[in-house]
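Architecture and fold: a report
Each chain, letter by letter, is given below.
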Amino acid sequence: MSDLRELYQQTILDHTRKPRNFRQMPDANRAADGHNPLCGDKLKLFLKIDDQGVIADISFVGAGCAISTASASMMTEFLRGRRVVEVAGLFEKFHDMVTRPLEAQPEAAALGKLAVFAGVREFPVRVKCATLPWHTLQAAIKKDQAPVSTE
Amino acid sequence: MSTSISKRPRRAGRSAAAPPPGAFNPAALRADFPLLQTTVHGQPLVYLDNAATSQKPQAVLAALLRYYSNLNANIHRGIYQLSAAATAAYENAREKAAQFIQAPSAREIVFVRGSTEAINLVAASWGPAHVQAGDEIILSEMEHHSNIVPWQLLSQRTGSRLRVLPITDAGELRLDELENLFTPRTRLLAITHISNALGTVNPVKQIVSLAHARGVPVLVDGAQSAPHLPVNVRDIDCDFFVFSGHKMCGPTGIGVLWARGEILQAMEPYQGGGDMISSVTFEKSTWNETPHKFEAGTPNIAGAIGLGAAIDYLTGIGMEQIERYEHELLAYTREKLSAIGSLRLIGTAKDRAAVLSFVMDGVHPHDIGAIVDGEGVAIRTGHHCCQPVMDHFHIPATARVSLAFYNTRQDIDRLAAAIEKVKEVFA
């Protein structure tokens, strides 16, 4: 069970039980659906991006496993107020954290609280759960490329 | 996540509590399965995902090795002794498959990759000859995707449509609705024998009788029934029956389509190639006899022989014995799981076999699967290729325990203890 305790950290379980920013957003200007057919995770992500390219609001709804729910919850907390142009770089760091060995991650510190997902790297089948909200976020951002760009 | 092989001592042989010789003894049968002797996460493996695929006994592994070591040659081609021997072994496996489901003739047994390919074969070959625009095919709400999608493809090609027999909240077919679904345009009824997601055993004989009264042929998906109970296609009286080798102790990549002889005779080939022809010129080819007409190219010879060995192994134990024992073990599993608070069983049909699906309050099935895996217990979580069933119960997924005759009460006790861990983590 020691590895599993690494995966199911208290912070993660707390976000699973009480997901933050778990709500519809009728006035969102970006939205996308994410689906992980392996475990049936489904989520819908909402974004409100302002004229300066800042994520003014972000929320999600859906049903997923503990890892995907907590990942979505913590991602929304982490990204509110950040610029859309930062997202691609942050996702790359997050992706590296959950897939690559510890020593190959000089930049993990930039992820702050999201570091609790580092335990996912021991469970390759759960990588999709942890990254589903991020993939969905990218889809939401790319859907309308006019005012903002991740480049 | 590594799986290591470590020989564990067999359960003490002839203790006072040992069953008498000849009696059904799952603990002894386990010794026939090398993979059941392995450990996962440092714990002896408890394998409870048999509806996905079964483990393989030594007898099947030995048959594969023997074939490749002593018998390997292409079939139906060589004049030399080795090819003749390989052909005989392959055709002998066909005889065994026919006997296993009480088919009238081995010539009605077509070897395919599995149940999925068998259904696709029927949809692709029989389908266009019998199903036209405006025609209808009846399926049930509890079908596996492999008994939905091939018919959808056929419908798209032909302009026909699917009609769906609903299920109750217990996971039983709404047979009272069946009468309303039959129309003069009904061309086929395709139904699963046992639901892979719910464990429901459907009254296929009764369904066939209702369908035949209206002149509608019936395909029975036996992927989940062939491994768990005696099958007699003459008694069921269906027109097509399909099953997979790998779910019944055989190798992957081999399965069976059985169809009535006259239906197979009338069907066009599924794929073209060697062995399925009688003569070929650039102007015209003529087809080989059934079943060879449907077996283009070099088939899975080793797989068929392995399936034959699996059938010998299962019939050696006795399908009636297997059915009876699994029924008892399912009752025990149900009792054990029902005693766990916050756990809810999905599918409570009266007639059930081998499969038990459940959900837990506040815990996604994927997390249940991950945590019990940490305890060495392998179960399936997800939609089990039955998204319409999940939709019926308004759930994204279930955790599913599926049994085989080599599972024991100790396995179920380990499962129950592992589920207690799930509760601990999510407490």
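Position labels on residues start from 1 in each chain and follow its written sequence. Chains carry letters and ligands carry numbers; both start at the beginning, A for chains and 1 for ligands, and go up in the order they are written. Reporting in this predicted model follows two pLDDT cut-offs: at least 70 for local features of residues, and 80 or more for side-chain atom pairs to be given and counted; totals over whole chains, interfaces and linings ignore these cut-offs and use all residues. Excluding hydrogens and water, the side-chain figures rest on all heavy atoms present in the structure.

1. Let's talk about the overall build of chain B
For the purposes of this entry, the term helix denotes a DSSP run of H or I that reaches at least four residues, the term strand denotes a run of E that reaches at least two, and both are numbered from the N terminus. Scanning chain B from N- to C-terminus turns up 14 helices and 18 strands. Note on method: radius of gyration uses C-alpha positions; expected globular size equals 2.2 Å times residues raised to 0.38. Computed over its C-alpha atoms, the radius of gyration of chain B comes to 22 Å, within 12% of the 22 Å expected for a compact globule of 427 residues. Expressed as lengths along the three principal axes of its C-alpha atoms, the size of chain B is roughly 70 × 55 × 40 Å. Relative to its 427 residues, chain B shows a buried fraction of 56%. Contact definition: two residues touch when any of their heavy atoms are within 4.5 Å. Considering only contacts within chain B whose residues lie at least 6 apart along the sequence, 71% involve residues at least 24 apart. Split by element, the accessible area of chain B, about 17300 Å² in all, is 52% carbon and sulfur. The sign given to each residue is positive for Lys and Arg and negative for Asp and Glu; His and the chain ends receive no count. Lys charges are placed at NZ, Arg charges at CZ, Asp charges at CG and Glu charges at CD. The positive charge centre, built from 38 side chains, and the negative charge centre, built from 41, are 4 Å apart in chain B. Think of it in three bands: residues with accessible area under 20% of the maximum for their type are buried, residues over 50% are exposed, and the middle band is partly exposed, with areas taken using a 1.4 Å probe on protein chains only. Computed by Shrake-Rupley with a 1.4 Å probe, the accessible areas treat only the displayed protein chains as cover when residues are assessed.

2. A few points about helix α2 (residues 58-71) of chain B
Residue and element names in this part refer to chain B. Here the expected length of a helix is defined as 1.5 Å per residue gap, with one fewer gap than residues. Taking 1.5 Å of rise per residue, the 14 residues of α2 would be expected to cover 20 Å, and the 18 Å separating its terminal C-alpha atoms lies within 8% of that figure. Buried within α2 are the following residues: V60, A63 and Y67. Projected down its long axis, α2 carries its buried residues within an arc of 50°, all on one side. Summarising the geometry of α2, the exposed residues directed more than 90 degrees from the buried face are L65, Y68 and N70. Contacts made by the buried residues of α2 are with α3 (81-100) and α10 (301-317). Along the arc lie the directions from the helix axis toward the C-beta atoms.

3. Considerations on unusual backbone geometry
Residues and elements named next belong to chain B. Here T290 and P291 are connected by a cis peptide whose omega angle stands at 0°. Residue placement: P291 occurs in the loop between β13 (285-287) and α10. One non-glycine residue, H41, adopts positive backbone phi at about 50°. Within the element layout of this structure, H41 appears in the loop between β2 (39-40) and β3 (43-44). We classify H41 as partly exposed; its relative accessible area is 29%. The backbone phi angle of D275 is positive, close to 75°, even though this residue is not glycine. By relative accessible area, which is 12% here, D275 ends up buried.

4. Examining the pairing of strand β8 (residues 186-192) of chain B
All names here are of chain B. Along β8, six of the seven residues are buried, which leaves the element largely enclosed by surrounding structure. Any two strands with at least two DSSP bridges between them are considered paired. As judged from the three bridges shared by strand β6 (residues 136-140) and β8, these two strands associate in the parallel manner. By the bridge assignment, I137 is partnered in β8 with L188. Alignment of β8 against strand β9 (residues 218-221), held across four bridges, turns out to be parallel.

5. Here we look at the interface of chain A and chain B
Residue-level contacts link 21 residues of chain A with 18 residues of chain B. What gets called buried area is simply the loss in accessible area from a 1.4 Å probe that two parts show on being joined, summed for both. Note on chain A versus chain B: buried area summed over both sides is about 1500 Å², and carbon and sulfur give 61% of it. Within this document, salt bridges are pairs made up of a side-chain nitrogen of Lys or Arg and a carboxyl oxygen of Asp or Glu, the two lying within 4 Å of each other. Our enumeration of links across chain A and chain B arrives at one salt bridge. Here B:D367 and A:R126 are joined by a salt bridge, their closest N and O atoms 2.7 Å apart.

6. A closer look at the packing of α2(B) against α10(B)
All names here are of chain B. Interaxial angle, 0 to 180 degrees, is taken between N-to-C directions of lines fitted to C-alpha atoms, where a helix line uses only the stretch in contact. Following both chains from N to C, one finds α2 and α10 inclined at 145°, their axes separated by 8 Å at the closest point. Taken as a pair, α2 and α10 cross one another with a handedness that is right-handed. Packed against α2, whose contacting residues are A59, V60, A63, L64, Y67 and Y68, the element α10 presents I301, A302, I305, G306, A309, A310 and Y313 at the interface. Within the contact of α2 with α10, the residues separate by chemical class into twelve nonpolar, one polar and no charged. Crossings are classed by handedness, with left-handed meaning an anticlockwise turn of the near helix from the far one by less than a right angle and right-handed meaning a clockwise turn. Gly falls in the polar group here, along with every residue not listed as nonpolar (Ala, Val, Leu, Ile, Met, Phe, Trp, Tyr, Cys, Pro) or charged (Asp, Glu, Lys, Arg).

7. Regarding the sheet that holds strand β2 (residues 41-49) of chain A
Residue and element names in this part refer to chain A. Strands sit in the order β1-β2-β3 across an open sheet of three strands; the sheet is antiparallel. Edge positions in the sheet fall to β1 (30-36) and β3 (55-63), since each has one partner strand and no second. Here the average twist between neighbouring strands, direction ignored, is 15°. One ladder, built from seven bridges, connects β1 with β2; its direction is antiparallel. By the bridge assignment for β2, N36 is matched with D41. Across the sheet, helix α5 (residues 127-143) touches β1, β2 and β3, and the angle it forms with β1 is around 150°.

8. Quick look at the pattern of salt bridges
One pass over the full model with this rule turns up 27 salt bridges over all chains. As a salt-bridge pair, A:R20 and A:D14 come within 2.6 Å of each other at their nearest N and O atoms. The partly exposed category is assigned to A:D14, whose relative accessible area is 25%. Of the charged contacts, one joins B:K205 and B:D235 as a salt bridge, the two residues approaching to 2.9 Å between their closest N and O atoms.

9. Examining the packing of helix α12 (residues 365-374) of chain B against helix α14 (residues 409-425) of chain B
Residues and elements named next belong to chain B. It is at 9 Å that the axes of α12 and α14 come closest, and there the two elements cross at 120°. The orientation of α12 relative to α14 falls into the category oblique. Here the hand of the crossing between α12 and α14 comes out right-handed. Where α12 abuts α14, its residues I368, I371 and V372 lie against A418, I419, K421, V422 and V425. Residues belonging to the contact of α12 with α14 are distributed by class as follows: seven nonpolar, no polar and one charged. Relative orientations are named as follows: roughly parallel for angles under 35 degrees, roughly antiparallel for angles over 145 degrees, roughly perpendicular for angles from 65 to 115 degrees, and oblique for any other angle.

10. Re the domain arrangement of chain B
Many analyses report the size of an interface as the accessible area lost when the parts associate. All names here are of chain B. On domain assignment, one finds that chain B holds domain 1 (3-56 + 319-425) and domain 2 (61-316). With centres defined by C-alpha atoms, the gap from domain 1 to domain 2 works out at 28 Å. Of the roughly 3000 Å² buried where domain 1 meets domain 2, counting both sides, 57% is carbon and sulfur surface. It is K56, M319 and H392 in domain 1 that bury the most area against domain 2; as a group they hold 22% of the surface buried on that side. Here domain 1 and domain 2 share zero salt bridges between them. We call two N or O atoms a polar contact when they sit within 3.5 Å, provided that within protein one can donate a hydrogen and the other can accept it, with sequence-adjacent residues counted only if both atoms are side-chain atoms. Across the domain 1-domain 2 interface, the total number found is 25 residue pairs in polar contact (both at pLDDT 80 or more). Domain start and stop positions are those given by an automatic or database domain assignment.

11. Considering helix α2 (residues 10-17) of chain A
Taken together, the buried positions of α2(A) are A:I12, A:L13, A:H15 and A:T16. What you see down the axis of α2(A) is that its buried residues fit within an arc of 165°, all on one side.

12. Regarding the environment of B:G303
All names here are of chain B. Relative to the helices and strands, G303 resides in helix α10. Given the relative accessible area of 2%, G303 is considered buried. Residues G303 and Q99, 204 residues apart in the sequence, show an inter-C-alpha distance of 18 Å. What G303 contacts, discounting residues up to four positions off in sequence, is P251 and I254.

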